[in-house]
Amino acid sequence: MKITVLSLFPEILRGFFESSIMAKAVERGLMSYELVDIRGYATDKHRKCDDEVFGGGAGMLMLPGPAGAALEAAGSGRRPDGSPGARTVFVTPSGRLFNQAYAAELAREEELVLFCGRYEGLDQRIIEKYVTDEISIGDYVLSSGEVAALVLVDAIYRLVPGVIKGESLAEESFSPMGEGGAGLLEYPQYTRPAEYATMRVPEVLTSGHHANIARWRLEASLAKTIAYRPELLAPAAGLPEEVRRLLRKLCAEGSSYEPDTEDPGRAD
Ligand code: SAM
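Note that this is a predicted model, so its numbers are computed, not measured. (Residues numbered from 1 in each chain as written. Predicted model: local features only at pLDDT ≥ 70, side-chain atom pairs only at ≥ 80, totals over all residues. Heavy atoms only, no water.)

Enquirer: It is not clear to me how the overall build of the protein should be interpreted in this structure. Could you clarify?
Expert: The helix and strand inventory of the protein stands at 9 helices and 9 strands. For the protein, the C-alpha radius of gyration of 23 Å lies well beyond 18 Å, the compact-globule estimate for 268 residues. If you line up the protein on its principal axes, its C-alpha atoms span 75 × 45 × 45 Å. When each of the 268 residues of the protein is scored for burial, the buried share is 41%. Considering only contacts in the protein between residues 6 or more positions apart, those separated by 24 or more positions represent 70%. Approximately 15,200 Å² of the protein is accessible, and the part contributed by carbon and sulfur atoms is 52%. For the protein, the distance from the average position of its 29 positive side-chain charges to the average position of its 40 negative side-chain charges is 2 Å. (Helix = DSSP H or I, 4+ residues; strand = E, 2+ residues; numbered from the N terminus. Rg over C-alpha atoms; globule rule 2.2 N^0.38 Å. Buried < 20%, exposed > 50% of the residue type's maximum accessible area, 1.4 Å probe, protein only. Contact = heavy atoms within 4.5 Å. Areas by Shrake-Rupley, 256 points an atom, 1.4 Å probe, with all protein chains shown as cover. Lys, Arg positive; Asp, Glu negative; His and termini not counted. Charge placed at Lys NZ, Arg CZ, Asp CG, Glu CD.)

Enquirer: I'm lost on the environment of Trp216 in this one. Help?
Expert: Secondary-structure assignment places Trp216 in helix H8 (residues 210-228). Trp216 sits 99 residues away from Gly117 along the chain, and the two C-alpha atoms are 44 Å apart.

Enquirer: What should I look at first to understand the domain arrangement of the protein in this one?
Expert: A common way to express how large an interface is: the accessible area buried when the components associate. Domain boundaries in the protein define domain 1 (2-166) and domain 2 (171-253). Between the C-alpha centres of domain 1 and domain 2 the distance comes to 35 Å. (Domains from an automatic or database assignment.)

Enquirer: How do you make sense of the pattern of salt bridges when you look at a structure like this?
Expert: Within the structure shown, the criterion is met by 14 salt bridges. With a closest N to O distance of 2.8 Å, Arg215 and Glu219 form a salt bridge. With Arg215 and Glu219 both in helix H8 and 4 residues apart, this pair spans about one turn of that helix. Residue classification places Arg215 among the partly exposed positions, given a relative accessible area of 21%. A single salt-bridge network, built from bridges that share partners, covers Arg87, Glu105, Glu109 and Asp133. (Salt bridge = Lys/Arg side-chain N within 4 Å of Asp/Glu carboxyl O.)

Shown next as structure tokens:
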């Protein structure tokens, strides 16, 4: 997969692409990337990239000229033969909310272009001409798009086959459990020592009993999801019937439910 990120401050992004798992993925030929300085497409002598907003209001807007030229060069919009160009994301708080399923969808693209906004954002005509996806990373406003673009890149590239081990992805938070299901939050995890500051690891996790461990983890995932993200458990989430049954049982036991570490394998 190739990711091209367009920014007025590409140096903010470089460290991520040159470090750790991303650097290894690039070295192994699984990923490639290009960081484009939008200012390089400004045509006036001051390399101006912003101007006032028509209609008034505080703040400046990114100029369509340099933004459009940079996107065109990156392969966004229509290709000369009329076919659609690269899938192109504008990160913006007024976009569709990003989540794991959206990351998985974008990870299937061969090529992605990400545009980082600054100031009050981007001229609407550029969005209409070049952008296929307007994406928000959450209901808050950042001062610029670089951090949001890196959030997307990080969530997406780790799902590209081969970048990290498949089994590491299998039981993560939001891993789909059923047909198109949203998935649960991940269960609590522990490592050595088995006792730390008088707190012991739940006994079942050191028992070696795989079925009981799986059951404990599922209950713990459900308990955490009930507490923090109950909307993930909506009927539309597509959870398998066995999980829904367990959920009904936990709800009947009260919302302050904690997974039973003594007898995890007990019958319903
Ligand atoms: N005027 C915009 C609004 O109210 O929706 C906010 C602009 S913000 C100060 C500048 C840039 O930061 C945006 O163009 C966008 O690229 C980025 N940004 C800020 N918050 C974001 C979010 N929650 N998700 C994605 N990008 C965001």
